[in-house]
Amino acid sequence: MASPIETAIRGVVTQGATALAAFNRARKPAPGAPHPFLTGLHAPMTGELTIEDLEVTGVIPPALDGRYLRIGPNPIAADPRSHHWFVGDGMVHGLRLQGGRARWYGARWIRSNAVSAALGAPRTPGPRHSAFDTVNTNVFGLAGKTWALVEAGGTPVLLGETLESLAYDDFGGTLRGAFSAHPHVDPLTGEAHAITYDSGDQSLVHHVVVGVDGRVRREEPIKVRHGPSIHDCALTARFVLVLDLPVTFSMGALIAGHPFPYPWNPAHPARVGLLPREGAGEEVIWCDVEPCYVFHVANAYDAPDGAVILDAVVHDSMFADPALQGPAAKRTTFERWTIDPAGRTVRRAVIDAAPQEFPRIDERRFGQPHRYAYAMALPQAPDPAFVAATSLYKHDLETGARQVHDFGPHRYPGEFAFVPARADTAEDAGWLIGLVIDAVTETTDLVILDAEDFEREPQASVRIPHRVPPGFHGAWLPSAA
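What you see is a predicted model, and the numbers here were worked out from it, not measured in a lab. (Residues numbered from 1 in each chain as written. Predicted model: local features only at pLDDT ≥ 70, side-chain atom pairs only at ≥ 80, totals over all residues. Heavy atoms only, no water.)

**Focus on the sheet that holds strand 23 (residues 372–377)**
So, point 1. Within the open sheet, the four strands sit side by side as 22-23-24-25. Their pairing is antiparallel. The open sheet has two edge strands with one neighbour each: strand 22 (356–360) and strand 25 (402–406). This sheet shows a mean twist of 25° between the axes of neighbouring strands, independent of strand direction.
So, point 2. With three bridges joining them, strand 22 and strand 23 adopt antiparallel strand pairing. By the bridge assignment for strand 23, Gln-356 is matched with Ala-377. (Pairing = 2+ DSSP bridges. Helix = DSSP H or I, 4+ residues; strand = E, 2+ residues; numbered from the N terminus. Axes fitted to C-alpha atoms, helices over the stretch in contact; angles between N-to-C directions.)

Structure below.
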């Protein structure tokens, strides 16, 4: 941990850099073209909504009793000169399914200080680990509670049943530092694991474990260089995987006015760390890998021969062009990495060369061998708005087959979550649930697919009578009953 003197110096430097960054952002010229993340499909919603008893096509499975939640940026007053997709004010969308009905849809801003001030609302209570308190990336359920999440130092926000921001919550005062946008629950223990980083400290990341009681029981520091952006992690029975890849914090980018100061850094060695699940940070087994970037893993597990298997979507680079206002890569593939702890090597093999993102599995298999993975298709050529394909993929990793569910022209899916039909069903016996935008009618459907009959017409869809802007992550949170 940093000493009090180091922390004080870092705080002064950060305050000065932040002030200079704000000055430089204000001096940027107006863009010469429409901002790709403020127009078209990404045009923000202008207010909060509640709609009851929505129109349903088909039959919602009666077993689906809970909420589908999806979060993403929805800036309340964005400046096109400096807006980046990753830093927009968060808005959470939710649909309550019960008894074969869609009882309500709601859209609520995460009440950061800036949003509360813009809405003339009281400040959301609770501690802030970072002065930048925008939360916009993921939603997470544990111990009967629901949190909205972000990374790089932001504190989680506790959400109410109907999506209201109750408080900034550091897991009841048990989280000392930053948290992650991507905790993963080990289905065998019920605990959530995360690798966290803090934009204010480029020398450390942490392995954080939140217990089944919703309180942090482990916050183990791991030494790094350059302040890597670690968006996701993975688990096996033996290890937590640390993805230390060449997207790192840049003070120069911050001072220049870039709102997301994490560019591609070719000077930063790419490596994967295998941290024993209860081990000290000094025990990480570091394994070099070719330069690349991973936002999202599908899963990882231990192989019988002692290797570690990781399935993930891999980008050849990320944020290499600071002029772009969102993610961009020349090549994106779905890959399997075979990591040898003894030889400290990583062997990469392409599962599917088609561009895709947001890989998901049946999360009952997380950290264990799995057969199926699902992902959202991306366009063959990079798209400045990061959305343009109309399909989902289902990968059978045992046979190598890939199935495609195409939603039709001008219908764009986001991330879909897998929901098992019952606790004891087979790996793909259940449903895939997610949002699909219709760009022609400017409406959105919550679509329910039968995972076993993936290419068939949806089992049900719920009509939302407006466009929900493309966001980041979605999750199914079953009712407590």
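Past the structure itself, the notes keep going.
**Focus on empty space enclosed by the protein**
So, point 1. Here the structure, examined in full by the defined rule, presents five cavities of 30 Å³ or more.
So, point 2. Within this model, the largest cavity holds a volume of roughly 160 Å³.
So, point 3. Lining the largest cavity are 19 residues; nearest its centre among them are Met-376, Pro-413, Gly-414, Pro-470 and Gly-471.
So, point 4. Those elements that provide at least two residues to the lining of the largest cavity are strand 26 (411–413) and strand 28 (430–438).
So, point 5. Of the residues in the lining of the largest cavity, the class split is 14 nonpolar, three polar and two charged.
So, point 6. Approximately 60 Å³ is the volume found for the second largest cavity.
So, point 7. Every residue lining the second largest cavity is listed: Phe-358, Arg-360, Tyr-374, Ala-375, Met-376, Leu-392, Tyr-393, Gly-414, Glu-415, Phe-416 and Leu-432.
So, point 8. The set of elements that each furnish at least two residues to the lining of the second largest cavity consists of strand 22, strand 23 and strand 24 (391–396).
So, point 9. It is strand 23 that provides the largest number of residues to the lining of the second largest cavity, a total of three residues.
So, point 10. Here the lining of the second largest cavity is composed, by residue class, of eight nonpolar, one polar and two charged. (1 Å grid on protein atoms, 1.4 Å probe; cavity = no way out; pocket = protein on both sides within 12 Å on 5 of 7 lines; lining within 4 Å. Points joined across faces, edges and corners; volume = space filled by probe spheres on them. Nonpolar A, V, L, I, M, F, W, Y, C, P; charged D, E, K, R; others polar.)

**A few points about the pattern of salt bridges**
Oppositely charged side chains can pair when the atoms bearing their charge come close.
So, point 1. A full pass over the atoms with the stated rule returns 28 salt bridges.
So, point 2. The partner of Arg-176 in a salt bridge is Glu-219, and the shortest N-O contact between them spans 3.4 Å. Residue Arg-176 is found in the loop between strand 9 (165–168) and strand 10 (184–185), and its partner Glu-219 is found in strand 13 (residues 216–223); the two are separated by 43 residues along the sequence.
So, point 3. Here Arg-348 ties to Glu-335 by a salt bridge, and the two come within 2.8 Å at their closest N and O atoms. (Salt bridge = Lys/Arg side-chain N within 4 Å of Asp/Glu carboxyl O.)

**Some details on the pairing of strand 6 (residues 138–142)**
So, point 1. The buried count for strand 6 comes to four of five residues, which makes it a mostly enclosed element.
So, point 2. As defined by bridge partners, strand 6 adjoins strand 7 (residues 145–149) across five bridges and the pair is classed as antiparallel. Bridge assignment links Gly-141 to a residue of strand 7, and that residue is Thr-146.
So, point 3. Where strand 6 folds back onto strand 7 in an antiparallel hairpin, the turn is made up of two residues, including Ala-143, whose phi is positive at roughly 55°. (Buried < 20%, exposed > 50% of the residue type's maximum accessible area, 1.4 Å probe, protein only.)

**So, the packing of aromatic side chains**
So, point 1. The final tally for this structure, using the stated rule, is 20 aromatic pairs.
So, point 2. On the basis of an interplanar angle of 55° and a centroid distance of 5.0 Å, the ring pair of Trp-147 and Phe-171 is categorised as tilted. Taken together, the positions of Trp-147 in strand 7 and Phe-171 in the loop between strand 9 and strand 10 put the pair 24 residues apart, joining distant regions of the chain.
So, point 3. Since its relative accessible area comes to 1%, Phe-171 is described here as buried.
So, point 4. Across from the ring centre of Trp-286, 3.5 Å away, lies the NZ or CZ of Arg-271, which sits over that ring. (Phe/Tyr/Trp six-rings, centres within 6.5 Å; stacked < 30°, edge-to-face > 60°. Lys NZ or Arg CZ within 6 Å of the ring centre and 35° of its normal.)

**Here's the deal with the state of the cysteines**
So, point 1. By the definition in use, this model includes zero disulfides.
So, point 2. Here Cys-287 stays unpaired: no disulfide links it, and the sulfur of Cys-292, its closest cysteine neighbor, is 13 Å away.
So, point 3. Judged by relative accessible area, Cys-287 falls into the buried class, the value being 0%. (Disulfide = S-S within 2.5 Å.)

**Some thoughts on the nonpolar core**
So, point 1. Counting 75 residues, the largest nonpolar core has Leu-241, Leu-310, Trp-337 and Ile-339 as the members making the most contacts within it.
So, point 2. Discounting chain neighbours no more than four positions away, the residues touching Leu-241 are Ile-195, Cys-233, Ala-234, Thr-236, Val-272, Gly-273, Leu-274, Ala-300, Val-308, Leu-310 and Ile-339. (Core = buried A, V, L, I, M, F, W, Y, C linked by side-chain atoms within 4.5 Å. Contact = heavy atoms within 4.5 Å.)

**A look at unusual backbone geometry**
The phi angle of most residues is negative, glycine excepted, and most peptide bonds adopt the trans form.
So, point 1. Although it is not a glycine, Phe-171 adopts a positive phi angle of roughly 55°.
So, point 2. If you check the backbone angles, Phe-386 has positive phi at about 60° while not being a glycine.
So, point 3. Here Phe-386 lies in the loop between strand 23 and strand 24.

**Quick notes on the pairing of strand 4 (residues 90–98)**
So, point 1. The buried fraction of strand 4 is high, at eight of nine residues.
So, point 2. Where strand 3 (residues 66–73) and strand 4 come together, eight bridges link them in antiparallel fashion. Bridged to Tyr-68 within strand 4 is Leu-95.
So, point 3. The hairpin turn running from strand 4 into strand 5 (residues 101–109), its antiparallel successor, is two residues long, and Gly-99 in that turn takes a positive phi close to 60°.

**A word on the side chain of Glu-415**
So, point 1. Residue placement: Glu-415 occurs in the loop between strand 26 and strand 27 (417–420).
So, point 2. Residue class for Glu-415 comes out buried when judged on its relative accessible area of 6%.
So, point 3. Side chain to side chain, Glu-415 and His-473 meet in a polar contact 3.0 Å long.
So, point 4. If sequence neighbours within four positions are ignored, Glu-415 has contacts with Tyr-68, Phe-358, Arg-360, Met-376, Ile-433, Gly-434, Phe-472, His-473 and Gly-474. (Polar contact = N/O pair within 3.5 Å; in protein donor to acceptor, adjacent residues only side chain to side chain.)

**A word on the sheet that holds strand 11 (residues 192–198)**
So, point 1. Read across the open sheet, the four strands follow the order 10-11-12-13; overall the sheet is antiparallel. This sheet does not close on itself; its edge strands, each paired only once, are strand 10 and strand 13.
So, point 2. In the sheet, strand 11 pairs with strand 12 (residues 201–210) via seven bridges, with the strands oriented antiparallel. Its bridge partner lying in strand 12, Ala-192 is registered against Val-210.

**A few points about the environment of Glu-357**
So, point 1. In this fold, Glu-357 is placed in strand 22.
So, point 2. The exposure class assigned to Glu-357 is buried, which follows from its relative accessible area of 1%.
So, point 3. Each C-alpha atom, one on Glu-357 and one on Asn-136, is 18 Å from the other, the two residues being 221 residues apart in sequence.
So, point 4. Among all residues touching Glu-357, those that are not within four sequence positions of it are Phe-295, His-296, Val-313, His-315, Ala-375, Met-376, Leu-378 and Phe-386.

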